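Coordinate inspection notes
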Amino acid sequence: MSEASSTKSDFIREIIAADLASGKHETTVTRFPPEPNGYLHIGHAKAICLNFGIARENAASGARCHLRFDDTNPSKEEVEYVQSIKEDVAWLGFDWGENLFFASDYFEFFHDCAVALIEKGLAYVDQQSAEEIKNTRGTLTEPGKASPFRDRGVTENLELFARMRAGEFKEGEAVLRAKIDMAAPNVVMRDPVIYRVMHAHHHNTGDAWCIYPMYDFAHPLEDAKEHITHSLCTLEFEIHRPFYDWVIEHCPVPAKPRQIEFARLNLNYTVMSKRKLLTLVKEGHVSGWDDPRMPTLSGLRRRGVPAAAIRNFCERIGITKFNGVTDVALLEFEIRDYLNKEAPRRMAVLDPVKLVLTNYDEGRSEEVAVPNNPEKPEEGSRQVKLTRELWIEREDFMEDPPKKFFRLFPGGYVRLRGGYIIHCTGFQKDEHGNITEIECEYLPDTIGKDAPEGVKCKAAIHWVSAEAGVHARVRLYDRLFTVENPDAAEGGFVSVLNPDSLQTVHAWVEPALLETAPEEIVQFERLGYFVADRHEHVRGAKPVFNRTVALRDSWSRK
RNA sequence: AGCCCCUUGGUGUAAUUGGUAACACAGCUGAUUUUGGUUCAGUAUUUCUAGGUUCGAGUCCUGGGGGGGCUGCCA
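As the structure is a computational prediction, the values presented were derived from the model and not from experiment. (Residues numbered from 1 in each chain as written. Chains lettered and ligands numbered in written order. Predicted model: local features only at pLDDT ≥ 70, side-chain atom pairs only at ≥ 80, totals over all residues. Heavy atoms only, no water.)

Some thoughts on the overall build of chain A
Definition in use: Strands are runs of DSSP state E lasting at least two residues, helices are runs of H or I lasting at least four, and both sets are numbered from the N terminus onward. A 1.4 Å probe rolled over the protein chains alone gives each residue an accessible area, and that area as a share of the maximum for its type sets the label: buried under 20%, exposed over 50%, partly exposed in between. The contact criterion used throughout is that any non-hydrogen atoms of two residues lie within 4.5 Å. Accessible areas in this description were obtained via Shrake-Rupley with a 1.4 Å probe; residue shielding takes into account the shown protein chains only.
Helix and strand content of chain A: 15 helices and 21 strands. Across the 558 residues of chain A, 52% fall into the buried class. Long-range pairs, those at least 24 residues apart, make up 73% of the contacts in chain A with a sequence separation of at least 6. By element, 50% of the accessible surface of chain A is carried by carbon and sulfur atoms, the whole surface being about 25200 Å².

What follows is the structure, given as structure tokens:
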């Protein structure tokens, strides 16, 4: 699974190239810094591919990319998420090597920096209530008002901050604030809170601390501590950059990282808000974070989306500062494109109806060779047993076909994929009018050969020998987690477009399918191994997945 | 409302930095095809706007329009 190393550039890579050329940096150190408060989704994939991609591109000069958990808020973070994030990054195909870090391991360092600020007269302990701080911050158009505690002396601040750490304050009774400018047009610079009291158990540090740093204060310090050269984040942090630089300038840091912002990924028809995804999980609308309808990396994985397709997608959409909405069709194309080239093919019948070859003797059988992957002849073919009685897909037969229906109908011809061309001579119905059996005659000597003169055969259908086929339970998934109206996703909550898309199906599959992935037989359901081609009758509609594509990527962790 | 950022076909991006606007996806038409997939050929659609500088502007300047972000003790 190797992508062509691309020469594609973007404004961030241009900045990096310039920094390398000027000698400002000898190599690059980037980082992917998720907060462990949820599962990674397709939007994170963009940041992962960017940061780890840059490290990969500059590997010759010793570049690296850190995986850092930004766990400075104990009230929202859980170890379950740490584990899932590591799995998802690895699955996506990236390796952080030794560079796994936790912001919580730097708590002492953050604290020292805070003390340094106090000593410089650049931070003070504010004992106003949260409400008072909010009310005196001013508005977007009016300056804020100074806290009555703003001009306390260094000694008093030092003592108070020590008492905060010692647990002498309740939550909300005191915070540490940077002393900058209450009249700054950028609200972020109006004496931002940098430490708050929180009597909470931390997943990593336990009860060692009862004061925790705020993101704005901690993040630049984390970057500096790790000698990050380019700190890449999304556009909403743009307004925070002046404070990022302020912290770097005034704290005793070992390096001076630079923050650069890029546009986050927005996909139409796709809910990407962590808060909403969390609600879906908590309220049981989905089976979990890895429900195949979720846009999470683990959900996509279970749907059978190959990691390489996601990587290709991230490369395709590029990096800019433009806040647009990407069409999921771009993602679907990359999935199809990759699967078409790489996925081994197998036949399966999800909604079976019996087909009898009336001119094929009972007891007779033969093995026909079917290519494993038409795009890769070198992958050879497999033998599939053909018998008198077969299962075919119910929807591949129509008693009364419309124009442009190329599959089976009375009097029509169709090819059994890899096998004979057959001719439909009749069918049986039960008392409810359901088709129970289709009768056909096969045309001898048509395996691997063109249709005889005068025979119109425009399609090939899947089939499984009723005698040799294997009955399995599979789960059929349809679309990405989808909402009916992209705008409605904002206001109300999810309306799942196709609530039936998560269904269990009894399917007949060719034995080779199970041989391909023996371990997965058990997990068949869990994996979302089969993703059926929707077999659209609508012309032009392309399936997201090819039919009966065996999704190699979903079980091999490469 | 103040500050910051952004604006190139339907969508996402590119344009040697001031020199013929292009690529992919999606759409449409047709051909091929042992997956209605793939492949191939063809086709429609583009620089938000008004001025300015210039021999020449998607690119530089000014004004306007539009979109996004910011008033957590979240990240």
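Things to note about the side chain of Arg 177
Quick reminder of the rule: Here a polar contact is recorded for every N or O atom pair within 3.5 Å, except that within protein the pair must consist of a potential hydrogen donor and a potential acceptor, and residues adjacent in sequence are included only if both atoms are side-chain atoms.
For Arg 177, the location among the structural elements is in strand S5 (residues 175–178). Among the polar contacts listed, one links the side chain of Arg 177 to the side chain of Asp 126, at a separation of 3.1 Å. A polar contact of 2.8 Å, which involves the side chain of Arg 177, links it to the backbone oxygen of Asp 191.

Remarks on the pattern of salt bridges
As a reminder, the rule being used: Any Lys or Arg side-chain nitrogen located within 4 Å of an Asp or Glu carboxyl oxygen qualifies as a salt bridge.
Taken as a whole, this structure holds 27 salt bridges when the rule is applied. A salt bridge links Lys 354 to Glu 389, with the shortest nitrogen-to-oxygen separation between them at 3.1 Å. Taken together, the residues span a long stretch of sequence, with Lys 354 in strand S11 (residues 352–357) and Glu 389 in strand S14 (residues 389–393) at a distance of 35 residues. A relative accessible area of 31% means that Glu 389 is categorised as partly exposed. Here the salt bridges do not stand alone but share partners, grouping Arg 31, Arg 68, Glu 222, Asp 223 and Glu 226 into one network.

A short note on the sheet that holds strand S3 (residues 100–102)
Note: strands within a sheet are paired through backbone hydrogen bonds, in either parallel or antiparallel orientation. Applied cut-off: Being paired, for any two strands, means DSSP has found at least two bridges between them. Whenever a helix is involved, its axis is fitted only over the stretch in contact; in every case the axis is a line through C-alpha atoms, and angles between N-to-C directions fall within 0 to 180 degrees.
Read across the sheet, three strands follow the order S1-S2-S3 without closing on themselves; strand pairing throughout is parallel. Among the strands making up the open sheet, the edge pair consists of strand S1 (29–32) and S3. Each neighbouring strand pair of the sheet contributes to a mean axis angle of 35 degrees, computed without reference to strand direction. Note that strand S2 (residues 64–69) and S3 share three bridges and pair parallel. The residue of S3 that forms the bridge with Phe 69 is Phe 102. Across the sheet, helix H2 (residues 42–57) touches S1 and S2, and the angle it forms with S1 is around 160 degrees.

Here's the deal with the pairing of strand S9 (residues 258–262)
Our working definition: Looking down the strands as they point away from you, a crossover is right-handed if its path from the first strand over the helix to the second goes clockwise.
Of all five residues in S9, four are buried, a share of seventy percent or more. Handedness of the β-α-β unit built from strand S8 (residues 230–234), helix H8 (residues 241–250) and S9 comes out right-handed.

Structural notes on the packing of helix H4 (residues 107–119) against helix H7 (residues 215–225)
Definition in use: The scheme is simple: roughly parallel for angles under 35 degrees, roughly antiparallel for over 145, roughly perpendicular for 65 to 115, oblique for anything else. Each crossing gets its handedness from the near helix: less than a right angle anticlockwise from the far helix is left-handed, clockwise is right-handed. Charged means Asp, Glu, Lys or Arg here, nonpolar means Ala, Val, Leu, Ile, Met, Phe, Trp, Tyr, Cys or Pro, and polar covers whatever is left, Gly included.
Two elements in contact, H4 and H7, have axes separated by 10 Å at closest approach and are oriented at 115 degrees. On the basis of the axis angle, H4 is roughly perpendicular to H7. For H4 against H7, the interelement crossing comes out right-handed. Residue-level contacts link Phe 109, Phe 110, Cys 113, Ala 114 and Leu 117 of H4 to Phe 217, Ala 218, Leu 221, Glu 222 and Lys 225 of H7. Partitioning the contact of H4 with H7 into residue classes produces eight nonpolar, no polar and two charged.

Some points on the nonpolar core
Burial of nonpolar side chains together is a common tendency in soluble globular proteins. As a reminder of what qualifies: To define a nonpolar core, start from buried Ala, Val, Leu, Ile, Met, Phe, Trp, Tyr and Cys residues and group those joined through side-chain atoms within 4.5 Å.
Counting residues in hydrophobic clusters, the biggest one holds 47 residues, and the most contacted among them are Ile 12, Ile 42, Ile 48, Val 89, Leu 92, Leu 297 and Ile 310. Counting residues per element, the ones that place at least two in this core are helix H1 (11–22), H2, S2, helix H3 (79–92), S9, helix H10 (297–303), helix H11 (307–317) and helix H12 (328–342). Among the elements that make up this core, the one with the highest residue count is H2 (nine residues). Not counting chain neighbours up to four residues away, the residues in contact with Ile 310 comprise Ile 42, Ala 45, Trp 91, Leu 92, Leu 297, Leu 300 and Val 305.

Some thoughts on the UniProt feature "binding site: L-glutamine" (unreviewed entry) in chain A
We apply this condition: UniProt positions are given in the numbering used here, feature names are shortened, and annotations may be inferred rather than shown by experiment. Computed over the protein atoms alone on a 1 Å grid, cavities are sets of points where a 1.4 Å probe fits but cannot get out and pockets are open sets with protein on both sides within 12 Å along at least five of seven lines; a residue lines them when it has an atom within 4 Å of a point.
Under the UniProt annotation, the feature "binding site: L-glutamine" (unreviewed entry) is placed at Asp 70 and Tyr 215. Look at the named residues: they lie 146 residues apart in sequence, but the longest C-alpha span between them is just 8.3 Å, so in the fold they bunch up. As for the annotated residues named above, the ones lining the largest pocket are Asp 70 and Tyr 215. Its place among the elements puts Asp 70 in the loop between S2 and H3. When neighbours within four sequence positions are excluded, Asp 70 is seen to be in contact with Pro 33, Pro 34, Glu 35, Pro 36, Glu 77, Ala 103, Tyr 215, His 219 and Glu 222. Checked against the element boundaries, Tyr 215 lands in helix H7. Of the residues examined, Tyr 215 reaches a relative accessible area of 27% and is grouped as partly exposed. Aside from chain neighbours lying at most four places away, what touches Tyr 215 is Asp 70, Pro 220 and Phe 237.

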